[in-house]
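Take a look at the letters that make up each chain.
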Amino acid sequence: MSVNQQAHAGPPYGQPQPGYQGYQQPAYGGQSLPGVPQSQYGAYNGPMPGYQQPVPPQGYFPSLGFPSKGSPVSLNSDTSSLAPNFIGSLRAPPTSGAPPPASGASHPSGHLAYSQFEHGDVQNGIPASAAPMQRPPAPQPFLPGSAPTPVSQISTFQQYGPPPGSVQQLRNHMAGMTIGGTAASAPPPAGLGYVSGSFSATGSGLHTPYSASQGPPPASVSEGLPLAQPPFPGHTVSTQRLPTQVPAFTPPPPSTGVAPSSYPPTTGAPRPPAMPGPPLPGQTVPAPPSSQPNHVSSPPPPPPPSTMAGLHPGPPMSGLHGPPPPTHPPQPGYQMQQNGSFGQMRGPQPNYGGAYPGAPNYGSPPGPPPPPKRLDPDSIPSPIQVIEDDRNNRGSEPFVTGVRGQVPPLVTTNFLVKDQGNASPRYIRCTSYNIPCTSDMAKQSQVPLAAVIKPLAALPPEETLPYLVDHGESGPVRCNRCKAYMCPFMQFIEGGRRFQCCFCSCVTEVPPHYFQHLDHTGKRVDYYDRPELSLGSYEFLATVDYCKNNKFPSPPAFIFMIDVSYNAVKSGLVRLICEELKSLLDYLPREGNMEESAIRVGFVTYNKVLHFYNVKSSLAQPQMMVVSDVADMFVPLLDGFLVNVNESRTVIASLLDQIPEMFADTRETETVFAPVIQAGLEALKAAECAGKLFIFHTSLPIAEAPGKLKNRDDRKLINTDKEKTLFQPQTSFYNNLAKDCVAQGCCVDLFLFPNQYLDVATLGVVPYQTGGSIYKYAYFQLETDQYRFLNDLRRDVQKEVGFDAVMRVRTSTGIRATDFFGAFYMSNTTDVEMAGLDCDKTITVEFKHDDKLSEDSGALLQCALLYTSCAGQRRLRIHNLSLNCCTQLADLYRNCETDTLINYLAKYAYRGVLSSPVKTVRDALINQCAQILACYRKNCASPSSAGQLILPECMKLLPVYLNCVLKSDVLQPGPEATTDDRAYIRQLVTSMDVAETNVFFYPRLLPLTKADVDSDSLPAAIRNSEERLSKGDIYLLENGLNIFVWVGVSVQQSLIQNLFGVSSFSQISNALSTLPVLENPFSKKVRSIVDMLQGQRSRYMKLIIVKQEDKLEMLFKHFLVEDKSLSGGASYVDFLCHMHKEIRQLLS
Ligand SMILES: [Zn+2]
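Residues numbered from 1 in each chain as written. Predicted model: local features only at pLDDT ≥ 70, side-chain atom pairs only at ≥ 80, totals over all residues. Heavy atoms only, no water.

Enquirer: Any chance you could break down the overall build of the protein for me, citing the residues and the numbers?
Expert: A count of helices and strands for the protein gives 25 helices and 28 strands. Looking at the protein as a whole, 64% of its 1148 residues are labelled buried. A sequence separation of at least 24 residues applies to 77% of the contacts in the protein between residues at least 6 apart. As displayed, the protein has an accessible area near 38800 Å², and 55% of this comes from carbon and sulfur atoms. (Helix = DSSP H or I, 4+ residues; strand = E, 2+ residues; numbered from the N terminus. Buried < 20%, exposed > 50% of the residue type's maximum accessible area, 1.4 Å probe, protein only. Contact = heavy atoms within 4.5 Å. Areas by Shrake-Rupley, 256 points an atom, 1.4 Å probe, with all protein chains shown as cover.)

Enquirer: Would you mind going over the pairing of strand S14 (residues 610-614) in detail, with residue names and values included?
Expert: With five of its five residues buried, S14 lies for the most part within the structure. Here strand S13 (residues 600-606) pairs with S14 via three bridges, running antiparallel. The residue bridging threonine 605 from the neighbouring strand is histidine 611, located in S14. In sequence, S13 turns back onto S14 through a hairpin of three residues. Across five bridges, the pairing between S14 and strand S15 (residues 623-627) is antiparallel. (Pairing = 2+ DSSP bridges.)

Enquirer: Describe helix H11 (residues 674-687), listing the residues and the values that go with them.
Expert: Its 14 residues give H11 an end-to-end C-alpha distance of 20 Å, which sits within 8% of 20 Å, the value for a rise of 1.5 Å per residue. Taken across its 14 residues, H11 has ten buried, putting it largely inside the fold. The first or second residue beyond H11 is glutamate 688, which carries a positive phi of 50°. (Expected span 1.5 Å × (residues − 1).)

Enquirer: I'd like a description of the pattern of salt bridges, backed by residues and values.
Expert: Taken as a whole and assessed by the stated rule, the structure comprises 48 salt bridges. Salt-bridge contacts for arginine 524 lead to aspartate 526; the nearest nitrogen and oxygen are separated by 2.9 Å. Each of the two residues, arginine 524 as well as aspartate 526, counts as buried. Measuring nitrogen to oxygen at the nearest pair gives 3.7 Å for the salt bridge that ties lysine 799 to aspartate 796. (Salt bridge = Lys/Arg side-chain N within 4 Å of Asp/Glu carboxyl O.)

Enquirer: Go over the coordination of the zinc ion with me, naming the residues and quoting the values.
Expert: Taken together, the protein ligands of the zinc ion are Cys479 (SG), Cys482 (SG), Cys501 (SG) and Cys504 (SG), with distances of 2.3 Å. Every donor counted, the four donor atoms about the zinc ion form angles of 100 to 116° at the centre, which fits tetrahedral coordination. Counting residues between consecutive donors of the zinc ion along the chain gives the motif C-x2-C-x18-C-x2-C. For cysteine 501, a relative accessible area of 0% corresponds to the buried category. What makes cysteine 504 buried here is its relative accessible area of 7%. (Donors = N, O, S within 2.8 Å, 3.2 Å for Na, K, Ca; no water. Tetrahedral: all angles 85-135°; square planar, octahedral: opposite > 155°, others 65-115°.)

Enquirer: Before we move on, could you go through the packing of aromatic side chains and cite the residues and values that matter?
Expert: On inspection of all chains with the given rule, the structure shows 33 aromatic pairs. Every member of this aromatic cluster is reached through a ring pair, and the members are Phe696, Phe751, Phe753, Tyr775, Tyr777, Phe780 and Phe789. Taking the ring centre of tyrosine 527 as reference, the NZ or CZ of lysine 523 above it sits at 4.7 Å. (Phe/Tyr/Trp six-rings, centres within 6.5 Å; stacked < 30°, edge-to-face > 60°. Lys NZ or Arg CZ within 6 Å of the ring centre and 35° of its normal.)

Enquirer: Summarise the environment of lysine 616; cite the residues concerned and give the values.
Expert: Along the polypeptide, lysine 616 turns up in the loop between S14 and S15. Since its relative accessible area comes to 31%, lysine 616 is described here as partly exposed. Leaving out residues up to four positions away in the same chain, lysine 616 has contacts with Asp639, Gly640, Val643, Ser648 and Val651. In terms of polar contacts, lysine 616 uses its side chain to reach the side chain of aspartate 639, at 2.6 Å. (Polar contact = N/O pair within 3.5 Å; in protein donor to acceptor, adjacent residues only side chain to side chain.)

Enquirer: Talk me through the sheet that holds strand S4 (residues 428-430); I want residue IDs and the actual numbers.
Expert: Two strands in a sheet stick together by hydrogen bonds in their backbones, pointing the same way (parallel) or opposite ways (antiparallel). The strand order S4-S6-S22-S20 describes an open sheet built from four strands, whose pairing is antiparallel. Because the sheet does not close on itself, it has two edges, and the strands there are S4 and strand S20 (815-821). Geometrically, the sheet is characterised by an average inter-axis angle of 25° between neighbouring strands, direction not taken into account. In terms of strand pairing, S4 meets strand S6 (residues 449-453) through three bridges, oriented antiparallel. Residue isoleucine 428 lies in a different strand from S6, and its bridge partner there is isoleucine 453. Along the sheet, helix H17 (residues 898-912) makes contact with S4, S6, S20 and strand S22 (843-849), crossing S20 at roughly 60°. (Axes fitted to C-alpha atoms, helices over the stretch in contact; angles between N-to-C directions.)

Enquirer: Describe the nonpolar core, and please don't skip the residues or the numbers.
Expert: Membership of the largest hydrophobic core comes to 147 residues, with the highest contact counts inside it found for Phe612, Ile695, Tyr893, Leu971 and Phe1060. Considering every element that reaches this core, the biggest residue donor is helix H18 (residues 918-939), with eleven residues. Core analysis: the next-biggest nonpolar cluster, separate from the first, contains 47 residues, Phe558, Val564, Val797 and Val801 among them. (Core = buried A, V, L, I, M, F, W, Y, C linked by side-chain atoms within 4.5 Å.)

Enquirer: Can you lay out unusual backbone geometry for me, pointing to particular residues and giving the numbers?
Expert: Where the residue is not glycine, phi is negative for most of them; where a peptide bond is considered, it is trans in most cases. Within the chain, glutamate 494 stands out as a residue other than glycine whose phi angle is a positive 50°. By secondary structure assignment, the location of glutamate 494 is in the loop between strand S8 (491-493) and strand S9 (498-500). Positive phi is not limited to glycine here, since aspartate 804 has a value of about 50°. Here aspartate 804 falls in the buried class, since its relative accessible area comes to 10%.

Enquirer: Give me the side chain of aspartate 980: which residues, what numbers.
Expert: By the element assignment, aspartate 980 lies in helix H20 (residues 979-990). One buried charged side chain, aspartate 980, makes no salt bridge at all; its nearest oppositely charged neighbour is lysine 776, positioned 5.9 Å away. At 2.8 Å, the side chain of aspartate 980 and the backbone nitrogen of valine 760 are in polar contact. In this structure, aspartate 980 is in contact with Gln756, Tyr757, Leu758, Asp759, Val760 and Lys776, ignoring residues within four places of it in sequence. (Lys, Arg positive; Asp, Glu negative; His and termini not counted.)

Enquirer: Could you give an account of the confidence of the model for the protein, with specific residues and numbers?
Expert: Here the protein shows a mean pLDDT of 76. Residues at 70 or above account for 67%. Under a pLDDT of 50 for its full length, residues 1-367 has, in the predicted model, 849 contacts with residues more than four places off or in other chains. (pLDDT = per-residue confidence, 0-100.)

Enquirer: Any chance you could break down the packing of helix H9 (residues 573-584) against helix H15 (residues 782-798) for me, citing the residues and the numbers?
Expert: Taken N-terminus to C-terminus, the directions of H9 and H15 make an angle of 40°; their axes are 11 Å apart at the nearest point. Between H9 and H15 lies a crossing whose hand is right-handed. Contacts from Leu573, Leu576, Ile577, Glu580 and Leu584 of H9 reach H15 at Leu782, Gln786, Phe789, Leu790, Leu793, Arg794, Val797 and Gln798. Of the residues belonging to the contact of H9 with H15, the class tally is nine nonpolar, two polar and two charged. (Left-handed = near helix turned anticlockwise from the far one by under 90°. Nonpolar A, V, L, I, M, F, W, Y, C, P; charged D, E, K, R; others polar.)

Enquirer: Which residues make up the sheet that holds strand S25 (residues 1004-1007), and what values go with them?
Expert: The sheet built from four strands is open, its strands ordered S25-S26-S27-S28 with mixed pairing. Looking at the sheet topology across the chains shown, the edges are occupied by S25 and strand S28 (1102-1107). For this sheet, the mean angle separating the axes of adjacent strands, direction not counted, is 20°. Judged from the four bridges that link them, S25 and strand S26 (residues 1034-1038) form a sheet pairing that is antiparallel. What sits directly across from proline 1007, in S26, is tyrosine 1035.

Enquirer: Requested: an account of the pairing of S15, with residues and values cited.
Expert: Among the five residues in S15, five count as buried, and that is most of the element. Going residue by residue along S15, you find Gln623, Met625 and Val627 tucked away on one face and Met624 and Val626 tucked away on the opposite face as well.

Enquirer: How would you explain the environment of isoleucine 932 if you had to name every residue and give the values?
Expert: Mapping isoleucine 932 onto the fold places it in helix H18. Ignoring anything within four residues of it in the chain, the contact list for isoleucine 932 reads Ser445, Gln446, Val447, Pro448, Tyr893, Met955 and Leu958.

Enquirer: Kindly report on helix H21 (residues 994-1001), identifying the contributing residues and their values.
Expert: Across the eight residues that make up H21, a large majority, eight, are buried. Of the positions making up H21, those classed as buried are Val994, Ala995, Glu996, Thr997, Asn998, Val999, Phe1000 and Phe1001. Two or three places before alanine 995, at the start of H21, stands the capping residue aspartate 993, its side-chain oxygen 3.1 Å from that residue's backbone nitrogen.

Enquirer: I'd like a rundown of the packing of H17 against helix H19 (residues 958-966), residues and numbers included.
Expert: Two elements in contact, H17 and H19, have axes whose closest approach is 10 Å; the angle formed by their N-to-C orientations is 25°. Here H17 is positioned roughly parallel relative to H19, judged by the angle of their axes. For H17 against H19, the interelement crossing comes out right-handed. On the side of H17, the interface is formed by Thr898, Asp899, Leu901, Ile902, Leu905 and Ala906, while H19 contributes Leu958, Tyr961, Leu962 and Val965. Its residues assigned to classes, the contact of H17 with H19 comprises eight nonpolar, one polar and one charged. (Parallel < 35°, antiparallel > 145°, perpendicular 65-115°, else oblique.)

Enquirer: Break down the environment of glutamate 494 for me, with residues and values.
Expert: By relative accessible area, glutamate 494 is classed as partly exposed at 40%. Each C-alpha atom, one on glutamate 494 and one on histidine 517, is 9.8 Å from the other, the two residues being 23 residues apart in sequence. One polar contact links glutamate 494 to arginine 498, side chain to side chain, over a distance of 3.1 Å.

And the structure:
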């Protein structure tokens, strides 16, 4: 039995045996094929050549010479008084709390003043502080490894509130939708409601796809949603209400239970099908991708030039073909693609006036206007309905992973996972679980083949963490050729003496210590004893061969680096951080049952210069060392900089007490930034360990130093060809720095507190490429923002992180990982390197064919993540996933996941804006999706009128979600979105998992006044449109970053009293950042909903109170994504019509 549930105490490592050389090149290499660059992991056995390979940094184009609008105003550059002041305060630390007077104000310059202390002179002789050591406050917010409060919960598990809604709930919801409709649109007649000729002419709606009164959905899957011109009444009813993903769902075997607490499984779980795949003698050798990873490849060709609407006649039955629209000059945005024809929708549409802003007269044909037409919003696919249906259908049974190519429940469904041979969807989700056999088919469909991988995802308590497997001193058993790791799909042959690789078909000897007999079915008799033979996810203990320089790593270190310039001090931020750290340091990540964290800590403060602190346990008081030569950063002390928290508790507490006092009177407004990262990097290098820098920064680094920046913000660039420069870093300096950081395993988490532009696009480069996180608190106010910041900080410090990580995705013959999206660095085309990878980060991987696939063998993915745990243990986490392959396009469309598709498309587009005009990126997105849907229509749908929009069941939300991506601030900024906001969002989305992108692009909108105060459930969500809001109700909208509470003007006075504690609408303050704690059921219920939502997200959301018809309402309306947006984004209805037109063009 070599299964361990706990951390290994003593590694039994010895010399590797031949053939299992860990990371020596072919080792971590994928198929070690000629022409494919060898793995840089040979690096780990030598002087790190792998990190020296000059490769263009991912996705960034260094560019210089941006227009500058001038530098931020510097309040006072009187640096001369600084050094003596600091030193003085350390020499005589205040016992009264008052900082000593600045004694050196007469020095002519800061540099002069510093000269005697440069290069790390230690200021000794600090008298002991009289301040008593401060005990950490009560630990309730920081229970390690658990979730003491909703705010610090590990929230990967998407608990979408209520258990799968009942049918009653559904009906209530439907009723609500009908009520919410505008008067202009009469409720559609039950069942049919088609009007021959056009759906839009009468306002009666064309159909009622989701009427609760209809019967159960038919089993047909090949049809979609008719948008117009149903051939015959009655026919369409059976073609539009289709089961979601039913064909793909195989019920779990009845004998299997959920959540085993012990291994091996006791039930006779079904074997995952073995898919060895015969050797392919003629296997083609894939050439290395010629383009650099993380560069956007050239976008798909632009859509064919729009022709006049007259070239796209409606279906023969159409009696409502309006006259051709007027021609307009091309306009930015959609207008370029507009020809005035939205399929059959012509003429003015009440409430949807001009289809796209900028073309207000759009669609108003000359001559007498035809009768008003509109598409009934209730008749088009509803995200709410799809989410609800999936919850009802799939939320009650565990998702058992034993079957190949099984589509998991949606991310919005609350379900348990039972690993029976494939990785849980919490670790990997795919755009499709059935891959076309040939590259031609894949190209024809235009459906991207991608996997969104979250290797260290947190699991709900009911599920079991991956088991740790130790294969002894020779390391994990792997294929000799492609170096894939032992997994459930390897085929044992010759009585168990050899195994055939499921990825490359090569046959490998089973090492003697790993030999086991086979049973009569060819399965090893220890099958259930070994996670690597029966589970989709597990971990291997890595040997020394998997370590840099053939040395086991030291435990990682955390370095806290605090901006102590004027703004940071004045806002109270410095004091807040120091106070928080005093208690937070007791909750550093720990391994399993360890009593204390192995992580060491260090402290730096900085403005234009850096201050290092010696907090060695033997000192009575901390010592400060000032480094003012920021051009050539070094660490002035080794011993005493990184310390164990428990050992140095007194000195650390004293330091954290003194820092706010020391800088209380600072007048320094300028900061450096790159030298701060360099300092942390050098400290980790000196300590020979990986680690994380927590940098708290407030301003654009304009002080003279490497990496100095200028203010180059320019909103005039929006919608020009130069817009991309706003997303690019202004200097390549940070790219090079990031590369050095990754080589050392130095991950950077950046907390920003800007009062003006600080160039997130540039400052974010290092956090982004090292796998770190960025948090931004614009116009930070202690009173309103501290709770949010502290919650983010607590979670960030405590969350699970793998350090010095490298990920490789192997695939079975026929497909290959070709592109990667996320926060990481790549020095070759296959290895994704991250200085740190935490439990929230995802990497999206795109696959392309390099050969034919077979339906029999399917396709396999193996994601291997090598990392150092928080205790310094080197491990490999393995996730395996088997997919089906198809020769019929219909099978592809039946097994797609739109949420994952959108995750991929958003990341693809957000990378595209670095190199292409935003309009080009938007057009390419639209075109690709139109092609996807047109291919379905052409090849999979039964013949029907060209006037009908037919959507695949699994992709019926593609248009609405795509529109949300197109309207997002990165691709179409609203007036309130700053350049920094856009750069920030762009980077955030790139690491998001599928659940996060889902709610980010289509926010959740809950009618709070409909909440049942007596139950734990959430009120049923409603669609994101203003017309769904009632002025007598209160709503909550969340998107993962913000929570809005919208209050209608006619809300009952008693509700306002209960929720806000004021007597009238006008008295509600929209300055509130939390809801008042009031002792009544409604207040309690709403606050519990807010807490529940906060607990589900990886960041603490900002709460914003919005009163109807108030100024802030504009901000709120930006998130009502089914409506037309102020920035020119189309409404859902209009966009659907636009997509329809695009599809018809492609088909004609
Ligand atoms: Zn192999």
